[in-house]
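Notes for the structure review
Listed here are the chains, written in short residue letters.
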Amino acid sequence: MTALPEVGPLLQQMADQLSRYLKERQIEDPAFVGIHTGGVWIAEALHQQVAPEAPMGTLDIAFYRDDFEQHGLPQRVRPSELPFTVDGRHLILVDDVLMTGRTIRAALNELFDYGRPASVTLVTLLDIEARQLPVRADILGASLALPPGQRVKLTGPSPLQLTLNAATN
């Protein structure tokens, strides 16, 4: 059985990394964007620790996915909320689990429909290392190799915990 890391210490490590990253790149006015659902929870936690004065938005990438034919539309689609201008803004895009890279591709497509950001910093809690697209996180909590047929899920919002589930396709 794969041991899953505790979320709290990962969030603290990520907050420290992100603070250094922003300082090194002289990014002083970023905006946080969390991908529903787990990415929003992680983004909210990091937002409070790193830059509570920064604006915060959410994305629901359901209409930007490339797997409609296999899975159909999800039952619950939430509106994306970006209460700030994307054009010229440094964005911190946050998701809970980076696996194939397809969710991040969909999120980037949606963000660019709102405008042209100055930069996008990708932050993820876990990297499952099952890439199908050339996407990598700038700030990462932990990498995890899972046995075939296993998926990891973030549950929350309080407390945030990782659980292992059987893959469903």
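Above: the structure in question.
Residues numbered from 1 in each chain as written. Predicted model: local features only at pLDDT ≥ 70, side-chain atom pairs only at ≥ 80, totals over all residues. Heavy atoms only, no water.

1. Quick notes on the environment of Ala-54
For clarity, the cut-off: Runs of E in the DSSP output that reach at least two residues are strands. Runs of H or I that reach at least four are helices, and both are numbered from the N terminus. Each residue is assigned to one of three classes by its accessible area relative to the maximum for its type, calculated with a 1.4 Å probe on protein chains only: buried under 20%, partly exposed between the two thresholds, exposed over 50%. Contacts between residues were defined by any pair of non-hydrogen atoms, one from each residue, lying within 4.5 Å.
Tracing the sequence through the fold places Ala-54 in the loop between helix H2 (38-50) and strand S2 (56-59). You can call Ala-54 buried: its relative accessible area is 7%. Separated by 79 residues in sequence, Ala-54 and Leu-133 place their C-alpha atoms 30 Å apart. Leaving out residues up to four positions away in the same chain, Ala-54 has contacts with Pro-30, Phe-32 and His-47.

2. Section: helix H1 (residues 7-24)
As a reminder of what qualifies: One less than the residue count of a helix, multiplied by 1.5 Å, gives the span that helix is expected to have.
The terminal C-alpha atoms of H1 lie 25 Å apart, and with 18 residues this matches the ideal 26 Å at 1.5 Å per residue to within 8%. Considered for burial, the residues of H1 that qualify are Val-7, Leu-10, Leu-11, Met-14, Ala-15, Gln-17, Leu-18, Tyr-21 and Leu-22. The positive-phi residue at the C-terminal boundary of H1 is Gln-26, with phi of around 55°.

3. Quick look at the sheet that holds strand S5 (residues 139-143)
Quick note on the threshold: Criterion used throughout: strands pair if DSSP finds at least two bridges between them. Here an angle of 0 to 180 degrees is reported between the N-to-C directions of two axes, which are lines fitted to C-alpha atoms, with helices fitted over the stretch in contact.
Reading across the sheet, the 5 strands line up as S2-S1-S3-S4-S5 and stay open at both edges, with parallel pairing between neighbours. Because the sheet does not close on itself, it has two edges, and the strands there are S2 and S5. Neighbouring strand axes in the sheet, compared pairwise and without regard to direction, differ in orientation by 25° on average. The pairing of strand S4 (residues 119-127) with S5 spans 4 bridges and is classified as parallel.

4. Overview of the packing of aromatic side chains
Rule in force here: Aromatic pairs are defined between Phe, Tyr and Trp rings, using the six-membered ring for Trp, whenever the two ring centres lie within 6.5 Å; interplanar angles under 30 degrees are classed as stacked, those over 60 as edge-to-face, and all others as tilted. Charge-over-ring contacts are defined here by two conditions on Lys NZ or Arg CZ: a distance within 6 Å of the ring centre and an angle within 35 degrees of the ring normal.
All told, the structure shown has 0 aromatic pairs when counted by the stated rule. The ring of Tyr-21 carries Arg-25 above its face, with NZ or CZ at 3.7 Å from the centroid.

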